[in-house]
Amino acid sequence: MSRHEEHMKIRDHFAKVAQAKGTFTNGTDQALVRAVTHDEVAKRINQLVSDYQFPLPVLQDVQKRLSDSNCPHYAMQQLRYLENNVHAGIATKREDSYND
């Protein structure tokens, strides 16, 4: 097991404990507990990339990180990174995007 996989397993355990106790500290804990598949995250990432123009280094970074792991929780981190770029105005809405 890689260090990343071990880290994510521990985080997942603590997130489940937090859910059971009702002691979530932030949305990240909630996101870790949700039953989410890699395909669901990939679909949302693809939708963002279709709807927004991201700087090339951002896309290259996400692509590299996604190719390093098949862990859905790690993919969710990359999704949040892309969403943060959108919210920060770094990524701009494509003119040809029809999803308003």
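Residues numbered from 1 in each chain as written. Predicted model: local features only at pLDDT ≥ 70, side-chain atom pairs only at ≥ 80, totals over all residues. Heavy atoms only, no water.

Trainee: Help me out: how do you make sense of the overall build of the chain in this one?
Mentor: Looking only at helices and strands, the chain has five helices and two strands in total. When the helices and strands of the chain are listed from N to C terminus, the series reads α-α-α-β-α-α-β. The buried share among the 100 residues of the chain stands at 30%. Excluding contacts between residues fewer than 6 apart, the proportion of contacts in the chain whose partners are at least 24 apart in sequence is 69%. (Helix = DSSP H or I, 4+ residues; strand = E, 2+ residues; numbered from the N terminus. Buried < 20%, exposed > 50% of the residue type's maximum accessible area, 1.4 Å probe, protein only. Contact = heavy atoms within 4.5 Å.)

Trainee: What's the story with the nonpolar core in this structure? I'm lost.
Mentor: Most often, soluble globular proteins have nonpolar side chains that are buried together. Counting 13 residues, the largest nonpolar core has Val41, Leu48, Tyr52, Phe54, Leu82 and Val86 as its most contacted members. Where this core is concerned, the elements lending two or more residues are α3 (38-51), α4 (56-68) and α5 (72-87). Broken down by element, this core gets its largest block of residues, five residues, from α5. (Core = buried A, V, L, I, M, F, W, Y, C linked by side-chain atoms within 4.5 Å.)

Trainee: How do you make sense of the packing of α3 against α5 when you look at a structure like this?
Mentor: What describes two packed helices is the angle between their axes and the distance between those same axes. Axis separation between α3 and α5 bottoms out at 9 Å; the angle between their running directions is 20 degrees. Taken together, the axes of α3 and α5 lie roughly parallel to each other. α3 and α5 meet at a crossing whose hand is left-handed. Residue-level contacts link His38, Val41, Arg44, Ile45 and Leu48 of α3 to Pro72, Ala75, Met76, Leu79, Leu82, Glu83 and Val86 of α5. (Axes fitted to C-alpha atoms, helices over the stretch in contact; angles between N-to-C directions. Parallel < 35°, antiparallel > 145°, perpendicular 65-115°, else oblique. Left-handed = near helix turned anticlockwise from the far one by under 90°.)

Trainee: What's the story with the pattern of salt bridges in this structure? I'm lost.
Mentor: Side chains that carry opposite charge are capable of pairing whenever their charged atoms lie near each other. All told, the structure shown has three salt bridges when counted by the stated rule. Glutamate 83 is paired through a salt bridge with arginine 44; the nearest N and O atoms lie 3.7 Å apart. Here glutamate 83, found in helix α5, pairs with arginine 44, found in helix α3; they are 39 residues apart in sequence, far enough to count as distant. On the accessibility criterion, glutamate 83 (22% relative accessible area) is partly exposed. (Salt bridge = Lys/Arg side-chain N within 4 Å of Asp/Glu carboxyl O.)

Trainee: Explain the packing of α4 against α5 to me, please; I cannot follow it from the model alone.
Mentor: Relative to each other, α4 and α5 sit at 170 degrees, their axes nearing to 10 Å. Taken together, the axes of α4 and α5 lie roughly antiparallel to each other. Where α4 abuts α5, its residues Val58, Asp61, Val62, Arg65 and Leu66 lie against Tyr74, Ala75, Gln78, Tyr81, Leu82 and Asn85. Considering only residue class, the contact of α4 with α5 consists of seven nonpolar, two polar and two charged. (Nonpolar A, V, L, I, M, F, W, Y, C, P; charged D, E, K, R; others polar.)

Trainee: Honestly, α5 in this entry has me stumped. Any pointers?
Mentor: Residues spaced three or four apart along an α-helix face the same direction, because each turn holds 3.6 residues. Taking 1.5 Å per residue, 16 residues should reach 22 Å; α5 reaches 22 Å between its end C-alpha atoms and fits that length. Considered for burial, the residues of α5 that qualify are His73, Tyr74, Ala75, Met76, Gln78, Leu79, Leu82, Asn85 and Val86. Phi turns positive one or two residues past the end of α5, at glycine 89, with a value near 80 degrees. (Expected span 1.5 Å × (residues − 1).)

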